[in-house]
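Structure assessment
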Amino acid sequence: MSLHVQQLSVSVSGAELLKNINFTCEAGQLLALCGANGAGKSTLLKTLAGERDYSGSIRLGGVELAYLDAAEQARLRAVMPQQCDLNFAFSNLEVIELGLLFCRTQQEKNKVLTKLCELFQLDELLDKNYMLCSGGQKQRVQLARVVAQIFQCGGPEGKLLLLDEASSAMDLAITQKAYRGLRKLCSLGVGIVSVVHDLNVAALYADTVALLSNGSLSHFGEPAKILTKQNVEQVFCAEVQVLCAPESGRPQIYSAF
Amino acid sequence: MNIKLGINHRHRQLAFALAALLTCCCFFALANGPLQINFQQLFDVVSSGFSQPQAELRMQHYVVWDIRLPRLICSLAVGAGLALAGCCMQALFRNPLADPALIGVSSGAAFGAVFVIVFSASFASSLSVASHFLLPLAAFLSGAITAMCVVAIATYRGQSNAALMLLAGVAMNAIAAAGIALLTYAADDNQLRDLSFWSMGSVAKATWPELAVAVPLIVASSVMLLRHRSALNALLLGEQVALHIGHDVKKIKRSIVVHATIIVGSAVAISGVIMFIGLVVPHLIRLICGPDHKKLLPLSMLLGASLLTLADLAARQLIAPAELPIGVLMSVVGGPFFIVLLLRQRKQLLFQS
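This structure is a prediction, so every number in the text was calculated from the model and none was measured.

Glancing now at the packing of aromatic side chains. One pass over the full model with this rule turns up 8 aromatic pairs over all chains. Taken together, a centroid distance of 6.2 Å and an interplanar angle of 35 degrees make the contact between W65 of chain B and W208 of chain B tilted. Note that W65 of chain B is positioned in helix α3 (residues 58-92) and W208 of chain B in helix α8 (residues 208-226), a separation of 143 residues in sequence. Of the aromatic side chains, those joined through ring pairs into one cluster are F27, F28 and F39 of chain B. Here R75 of chain A stacks its cationic end above the ring of F102 of chain A, 4.1 Å away from the centre of that ring.

The next subject is the side chain of D99 of chain B. Within the fold, D99 of chain B resides in the loop between α3 and α4 (105-119). Residue contacts for D99 of chain B: discarding those within four places in its chain leaves F276, I277, G278 and L279 of chain B.

Residue and element names in this part refer to chain B. Along the chain, D312 turns up in helix α13 (residues 293-317). Taking the C-alpha atoms as reference points, D312 and A204, separated by 108 residues in sequence, lie 8.8 Å from one another. Setting aside anything within four residues of it in sequence, one finds D312 in contact with R71, V203 and I326.

Turning our eyes to something else, we now look at the packing of helix α5 (residues 135-151) of chain A against helix α6 (residues 172-187) of chain A. Residue and element names in this part refer to chain A. The interhelical angle for the contact between α5 and α6, taken along N-to-C directions, is 10 degrees, at an axis separation of 12 Å. It follows from the interaxial angle that α5 and α6 lie roughly parallel. Within the contact between the two elements, α5 uses R140, L143, V147 and F151 and α6 uses I174, A178, L182 and L185. Class assignment for the residues of the contact of α5 with α6 results in 7 nonpolar, no polar and 1 charged.

This paragraph deals with the sheet that holds strand β6 (residues 77-80) of chain A. All names here are of chain A. Overall, mixed pairing links the 6 strands, which are arranged β6-β7-β8-β3-β9-β10 in an open sheet. Strands at the two margins of the open sheet, each flanked by one partner only, are β6 and β10 (216-221). Looking at each pair of strands side by side, their axes are set apart by 15 degrees on average, direction ignored. Both strand β3 (residues 30-35) and strand β9 (residues 208-213) contribute to a ladder of 5 bridges, which runs parallel. Across the sheet, L31 pairs through a bridge with T208, a residue of β9. In the packing of α5 onto the sheet, contacts are made with β6 and β7 (160-164), and the angle to β6 comes to roughly 170 degrees.

Cut-offs applied
- Residues numbered from 1 in each chain as written.
- Chains lettered and ligands numbered in written order.
- Predicted model: local features only at pLDDT ≥ 70, side-chain atom pairs only at ≥ 80, totals over all residues.
- Heavy atoms only, no water.
- Phe/Tyr/Trp six-rings, centres within 6.5 Å; stacked < 30°, edge-to-face > 60°.
- Helix = DSSP H or I, 4+ residues; strand = E, 2+ residues; numbered from the N terminus.
- Lys NZ or Arg CZ within 6 Å of the ring centre and 35° of its normal.
- Contact = heavy atoms within 4.5 Å.
- Axes fitted to C-alpha atoms, helices over the stretch in contact; angles between N-to-C directions.
- Parallel < 35°, antiparallel > 145°, perpendicular 65-115°, else oblique.
- Nonpolar A, V, L, I, M, F, W, Y, C, P; charged D, E, K, R; others polar.
- Pairing = 2+ DSSP bridges.

Structure (structure tokens):
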């Protein structure tokens, strides 16, 4: 199932937050949304998640998003928010289980959870108290919850994941594990749209990169073609150097001193 | 890898223990008092129902059916109902400090009930039967208005703030107290005696006609709230997140506010304002069983019913033959408990971003 966005515009109280956005994310692709602060990345993700009114068209598997109710949307896609606060002492396992609204039996739930632990190596985290975990561990748990949601209702193939800075609090190793897990999901046919702050993470793991600038899509395409010195300097208004990493052939961006 | 979801040993043990506790409480509530009734007599009296008893059990029959059984049913329904309403409000506000009395819903409901008591004299006397419906109805309506005001004040864009919630509760309590004071001023002596019971709470005043209206309401609303057990867990992550998971959040929120307020309104109608059950009981169950509502809701109802029945027993025995008002007893116990809760949560509340 693919995500088609056509002429998408969002304005709130007269201010235009997104202007005429057009792109497609096919099933099995990881699309990284990048841009400077305030460019509209989170707004775009929230609109795709159904939180904002919009003009234009967002089609999930051919169906217009505005015609789908909360339960129908939940069967097709899962959303990971930037922050998730919890004031009650749930274990991480219980938090992950919260995503499994459509699983009827305990067996179904256990199947999903086993697959998840394989994908993201969560075994040591499961019994811990969510409130006592670090920011990075909480993000891993939220990611697991969100991925669990798309494993319901006949498996993850053709479903969509919307991630709002999934790895902002994760360390190097956990980020690597998380994105390797996401790439495995892509090979299972999941489409992923992820807001990514770290351009090098986007360069390394994404199939396509969308650069947002002041609410419009300024560049869209493969990382090697899009993440050039000229484009990055234009969008981020900062001096950078771009090298090509020898093993992966992907661009690596570092800022000038 | 050991996946442990669902009900386990600890929950089952607690459920059995609470059920046993409840049974014992029921027995002692019926057997104890100025007229001691033993098990055999109790069994005979209860099984003979409303019909005429044997001559030697007439006294026991009267005491059980006209005094102790209504009192027991009142404390069971109010205790279970308020505990359940407390759980649901804590889920709605995403904060373990929410309690129907603290956030002003109980005194809002009391205002409605007091209004009916004071002004029912000016209604036609034919309304005396209707007053059994009128009282819970008025309590529900004014409780509902109060609940909606607190939700509206304390919630902004799907996020609710504990401080705002409690402050809104302070405001609502003040307004309701002022209203009740005005009505008290307008009341005659007979009504004054009735009114003083509202501020102190009592399960001894409930009569069978009142129970016949209030208890089915509490039971029906409890059943409706129990349907939302899984949804309440997801709601704790935030309304937006619960929506993304696929829950119909608007409908669930509306249902919680309506049914919790029906419960609180009915409870206030038959027992006056009793504070802290909705705070103490869910907290105790969470300490043992965790916050999963699938276990929390039914276990809280069991413990709430037992707790209030025990409190009523204590209220009867502590200064016998006089009786302590049960609301006072609950506040004396619940107030310090609330302080302990606050102290434990202090670090988290102070440094919440």
